[in-house]
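# Examination of the molecular architecture
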Amino acid sequence: VWKDAMRDVDTEVTSITKSFVNHVQTSLARQPYNLDNLGAYQAAALSVRDNLLVNWNETALQYTRKAPKRAYYLSLEFLMGRTLDNALLNLGLKDQYSEGVKKLGFSVEDILDQERDAALGNGGLGRLAACYLDSSASQELPVWGYGLRYKYGIFQQLISPAGDQLEAPDPWLDNQNPWELPRLDVSYEIRFYGQAERLGDGTPRATWSGGQEVLAVAYDVMIPGCYTKTTNNLRLWESKPKRGFDLNSFNAGNYEGAVEASNSAAAITSVLYPNDHTTFGKELRLKQQYFWTAASLADILRRFKNIGKPITEFPDYVAIQLNDTHPTLAIPELMRILIDEEDQPWSTAWQIVTNTFFYTNHTVLPEALEKWPVPLMEHLLPRHMQIIYDINLLFLQSVEKKFPGDRDRLGRMSLIEEGFPKQVRMAYLACIGSRKVNGVAELHSDLVKTTILKDFVEFEGISKFGNVTNGITPRRWLDQCNPELSSLISSTLKVDKAVWLKDLTRLEALLPFTEDEAFRKEWAAIKQRNKERLAHHVQTTLGFTINTNAMFDVQIKRLHEYKRQTLNILGVIHRYLTLKNMSAAEKKKVNPRVVFFAGKAAPAYYIAKLTIRLIVNVARIINEDPDTKDLLQLYFLPDYSVSLAEVLIPASDISQHISTAGTEASGTSNMKCSLTRMLVDGANIEIAEEVGESNVFFFGHLTPAVEDLRYQHTYHPTPIEEKCPALANVLNQVSAGLFGDAHVYEPLLNTIRQGDHYLLSDDFDSYIAALAMVDEAYLDQTEWVKKSIRTTAKMGKFSSDRAINEYAESYWNIEAQKIA
Ligand code: 26Q
C-alpha cells in the first residue's frame, strides 16, 4: 500500500506550505498576503507539478533503460477535465494539501474550482481516452498518449433567450496551463501537398518533395498513476510555421502575403472539430489527422531507433492503438517511411505495419464511417494516395484469389468507393492494416463482425476480430466526484481505498450490507447531500430553485437523433399532460421528479439544436405551471463538461440510455450513473448481466427487430394516430403551440411523423410503461436503495483498469513495469 508508515504527514504539510509560498514568490512573482484564489490555484498546481515531475522523470528514465515493449494510444481527442484534484488523489496528497492551504487561509474546494477544464474532446471517445491514460499509469503499464494541443477546445455552449444553442470559443490556455511542459527541443517537419514521383527502378520507392512544410512541436502532459510512482506521458503536438514569415513577400511590401503561410501552419492545431460522427471532406481536418500521425510516428520511430534494433523488430517494441479511424493515415505513413526512407521491400514493410497497429471501431452507423475524397487526398498527400492504391491492388488480388470471380465482393471490399468523387474508406484501410480489430461492447463487436466488416471477417478469419468492453476510471468517477461514498465504502469494507480503487471487483463485498439498515440510511443520506450539492450549484449558477425531495432523472450526453433525447422530452410532455388531468387526490400518490438534460449539439446539426430549443421551452412552461410544478421540474443545464458531470452524476437517481437498439456502440455514462439505465443497447446489456435485470429498466424493441421495423415504416407506414395515440397527442400539442413557437418544431416532429428512422413511434408506449415502473419502484425506498447498492457493488467489470489490462494482454502484449 502506498500510504506506508514511512510517511510523516506533519512534515509533508510543512513542506507543502513552503513550496506553495515559494511558487507564489518566485514562479508567480506575487506576494503571499494578498493572493486571490486563482493565484492560490496556480501556486498549488505548480507545487504538485514538482511532485509529479520527479516521478515522471524516473518513469521515463526506466522505460529508456529497460526498453520494454510500449504501447501508444493515438487519439484526436483527450477529454481530460480538471487535473489538480485527480493528481492530489493519485499522489495520496489530498489531505495534506487541504491542510496546508488551510493554514495559509484558503479552502481547497475554492482552489480546485479555479481550474478550467481541458476539454480537448467531444464526448465518449475522448473521455474514454482520458480514462485509459489514468488506468495505464495506475496499472504501471508503459503507455503514452499522442494527440493535438488545440488552442481552442470544444466550444462553450450558451442558451439564447429563445432557447437556441449558441457557441462561443473555449480559449482554455488563456490563463497559462501549469500542467504542460513545452518541449521546444522536440520537433519534426511535416510536409503537405507537393509532388510524389515513383523511382521506377524496380523498387516500390518514390520521392515526395515540394509543397508546404510545417513544424510539429511537442507539449508533454504528466499522467500520474494512482498510488504508484508510474507517471506516464501524454504528448500533444502544436503546429508552427517552419519559418516566421516569407522574406521575399515581406521585402516586396506584401505584408499579408508574408504571414499567410505562417498563419496557415498555425491554423492546423487551432481548434478541435466539434462534430462527432460526421463532417468529412474538410481539408483542415485531414491536415490535422496527417500532421498528428506523422509527428507521432516520427517520434516513436526515433525512440525505437535509440534501442539499436533492426527495423524488422519494430513490432516487438511498439504497439500502436488507433482510436477510431481518425489516425488511419498512420498506416500509409509508416509504409512510406519504411519503403522510401528505410528502403525496405514492400512485403517486409507490410509485415511490420500489420503487426504494429490495432484498430478500435466506435460506430456501426453507416453515415458515420469516415471517408475521404480521392482528389483531396491526391492533392494534400500525393505519396500516401499512391501507397493506398498499391495496398488496395495487392489486397484485392488476394481477395480475388480466395473468392475467384466474385466481382461484387471486390467492389464491396475495395478501399476505394466508386462515385463522384471516389472516396477512400478509412475503416477498411484501418482494418486490413491492423493486427487486430475490436469493438467497444459485446453487442457492438458482434454487429461490427456481422455488418460493416462482415466481408473482412470472411476473408481474414474471425480471430482477428475481438471485443474490449469500455470502462471508466473509478478514481475520477467514484473517489473524486463522490468522496463521501468513497469513505463509506472504505469504512464499511474495512479496506483502504488504495486497494479497492485498483481492484473494483472488491466492491462485491458490499452486497451483504444491502440488509444492513444503518448502512442503507447512510447510503441514502449521501445521495441526498449530493443532490443538495447539485441544487446549490444550479441555484448559484442559473438561479433556479430545485426540489431536492424529488427523484433526479438525468440524460447527459451529446445531442444526437440516435440517442433519442426527443423520446425523453416527449415522455416528459406526456407526463405533464397526464398530471394536468389528475385530481388532487390522484396527485397525492405521485412521486415528484426533476428531469435534467445536458449536452452539446454539433453546431451544424439542425435537428439536434431544435431538440435543445424544445427542451428549454417545455421547461419554461412546466416549471411555471402551479398545477404541476411541485411534481415535475425540467432543466436543461448549459455547457455540459467533465466538471459538470462530476456534480450531476453523484446526484442522479436514474439515468436514461435510450438509444435505438443497435445504434450506441457502448456508452460510458451508463457506467458512471449509480443506478438504472434503460434500453437494450451498447454496454447496457452487459451492465444488466452484471447487476441483474431487476436493477435496470429495459424497454423497447431489440436490435434484430430494427431492420424489419424500418422496412415497415418505408413500405407499409401506419399513421401515428393509429399506431401510438399517446405519442400522436403529444406531437399535436407541440404543433398546436402549447410550448410556444407553434411552427418552429415541425422539422423535428416530422422526423417522427415521416420515416421515423430511430423508431420513436415503435418504442414510445413501452418507454412510458418503463417510466411508470420506475415510479412504482421508487415508492419503495428501502428496495430502491438496495438496488442502488447492488448496482454499485457489481460495477467492477466496468473499471477501465479491466479494459486496459485486456488491451495490454490480448492486443499489445506489453507488461507492467515497476518504477523503483
Ligand atoms: C470524424 C471525422 C471528421 C470529423 C469528426 C469526426 C469524429 C469526431 C468524434 C467522429 C466521431 C467522434 C466521436 C465519436 C464518439 O464519441 N463515439 C462514442 O465512443 C464511445 C467510446 O467508445 C462509445 O461509448 C459511444 O457509444 C460512441 O458513440
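The rules behind these values
Residues numbered from 1 in each chain as written. Predicted model: local features only at pLDDT ≥ 70, side-chain atom pairs only at ≥ 80, totals over all residues. UniProt positions renumbered as here; feature names shortened; annotations may be inferred. Helix = DSSP H or I, 4+ residues; strand = E, 2+ residues; numbered from the N terminus. Buried ≥ 20, exposed ≤ 12 C-beta atoms within 10 Å, placed from the backbone. Contact = placed C-beta atoms within 7 Å. Core = buried A, V, L, I, M, F, W, Y, C linked by C-beta atoms within 7 Å. Domains from an automatic or database assignment. Near = placed C-beta within 6 Å. Nonpolar A, V, L, I, M, F, W, Y, C, P; charged D, E, K, R; others polar. Pairing = 2+ DSSP bridges. Axes fitted to C-alpha atoms, helices over the stretch in contact; angles between N-to-C directions. Parallel < 35°, antiparallel > 145°, perpendicular 65-115°, else oblique. Left-handed = near helix turned anticlockwise from the far one by under 90°.

Looking at an unreviewed UniProt entry, the protein carries the name Alpha-1,4 glucan phosphorylase, with the source organism given as Favolaschia claudopus. Quoted verbatim from the Catalytic activity (unreviewed entry) field of UniProt, the annotation for the protein is "[(1->4)-alpha-D-glucosyl](n) + phosphate = [(1->4)-alpha-D-glucosyl](n-1) + alpha-D-glucose 1-phosphate". Under the UniProt heading Function (unreviewed entry), the entry covering the protein gives this text: "Allosteric enzyme that catalyzes the rate-limiting step in glycogen catabolism, the phosphorolytic cleavage of glycogen to produce glucose-1-phosphate, and plays a central role in maintaining cellular and organismal glucose homeostasis."

The subject of this paragraph is the UniProt feature "modified residue: N6-(pyridoxal phosphate)lysine" (unreviewed entry) in the protein. Cross-referencing UniProt, the feature "modified residue: N6-(pyridoxal phosphate)lysine" (unreviewed entry) maps to Lys672 in the present numbering. Examined against the element boundaries, Lys672 turns out to sit in helix 27 (residues 669-672). We classify Lys672 as buried; it has 25 C-beta atoms within 10 Å. Contacts of Lys672, omitting those with residues within four sequence positions, involve Ile472, Trp477 and Ile649.

The biggest cluster of nonpolar side chains holds 199 residues, and the ones touching the most others in it are Phe291 and Val618. If you tally residues by element for this core, the top one is helix 25 (residues 606-624), at nine residues. Of the domains in this structure, domain 2 (67-82 + 117-470 + 805-812) and domain 3 (534-789) are the two that each give at least three residues to this core. Core analysis: the next-biggest nonpolar cluster, separate from the first, contains 23 residues, Val24, Leu35, Leu89 and Val108 among them.

As a structural note, the neighbourhood of the ligand is formed by 24 residues, with Gly124, Leu125, Asp276, Ala665 and Ser666 the closest of them. Tallied by class, the residues present in the shell around the ligand amount to six nonpolar, 14 polar and four charged. Looking at the shell around the ligand, you find at least three residues from each of domain 2 (67-82 + 117-470 + 805-812) and domain 3 (534-789).

Residues Lys436 and Asn438 line one face of strand 17 (residues 436-439) and the alternating positions Val437 and Gly439 line the opposite face, and both faces are buried. Across three bridges, the pairing between strand 17 and strand 18 (residues 465-467) is parallel. Bridge pairing links Val437 to Phe465 in strand 18.

Looking now at the packing of helix 23 (residues 565-580) against helix 33 (residues 760-779). Between helix 23 and helix 33, whose axes approach to 10 Å, the crossing angle comes to 55°. In terms of their interaxial angle, helix 23 and helix 33 are classed as oblique. Helix 23 and helix 33 meet at a crossing whose hand is right-handed. On helix 33, the residues touching Thr566, Leu567, Gly571 and His574 of helix 23 are Leu760, Asp763, Phe764, Tyr767, Ile768 and Leu771.

Across a sheet, strands are paired by hydrogen bonds formed along the backbone, either parallel or antiparallel in direction. Within the open sheet, the four strands sit side by side as 21-20-19-22. Their pairing is parallel. Every other strand in the sheet has two partners, leaving strand 21 (632-637) and strand 22 (654-655) as the edge strands with one partner each. Summarising the sheet, strand 19 (residues 551-556) and strand 20 (residues 593-598) pair through six bridges and their orientation is parallel. Along strand 20, the bridge assignment pairs Met551 with Arg593.

Strand order across the open sheet formed by nine strands is 7-10-11-4-1-12-13-17-18, with mixed pairing between neighbours. What marks the edges here is a single partner per strand, and that holds for strand 7 (180-192) and strand 18. Taken pair by pair, the neighbouring strands of this sheet meet at an average axis angle of 25°, ignoring direction.

The interhelical angle for the contact between helix 1 (residues 9-26) and helix 2 (residues 37-66), taken along N-to-C directions, is 120°, at an axis separation of 8 Å. Considering the angle they form, helix 1 stands oblique to helix 2. Crossing handedness for the pair helix 1 and helix 2: right-handed. Between helix 1, through Ile16, Ser19, Phe20, His23 and Val24, and helix 2, the contact on the second element is made entirely by Gly39, Ala43, Ala44, Leu46, Ser47 and Asp50. In terms of residue class, the contact of helix 1 with helix 2 is built from six nonpolar, four polar and one charged.

Taken as a whole, the protein is organised into domain 1 (1-66 + 89-114), domain 2 (67-82 + 117-470 + 805-812) and domain 3 (534-789). Counting residues at the interface gives 16 residues for domain 1 and 16 residues for domain 2. Those elements giving two or more residues to the side of domain 1 that touches domain 2 turn out to be helix 2 and helix 3 (84-91). Examining the composition of the side of domain 1 that touches domain 2, we find that twelve residues originate from one element, helix 2, more than from any other. Residues of the side of domain 1 that touches domain 2, tallied by class, amount to eight nonpolar, five polar and three charged.

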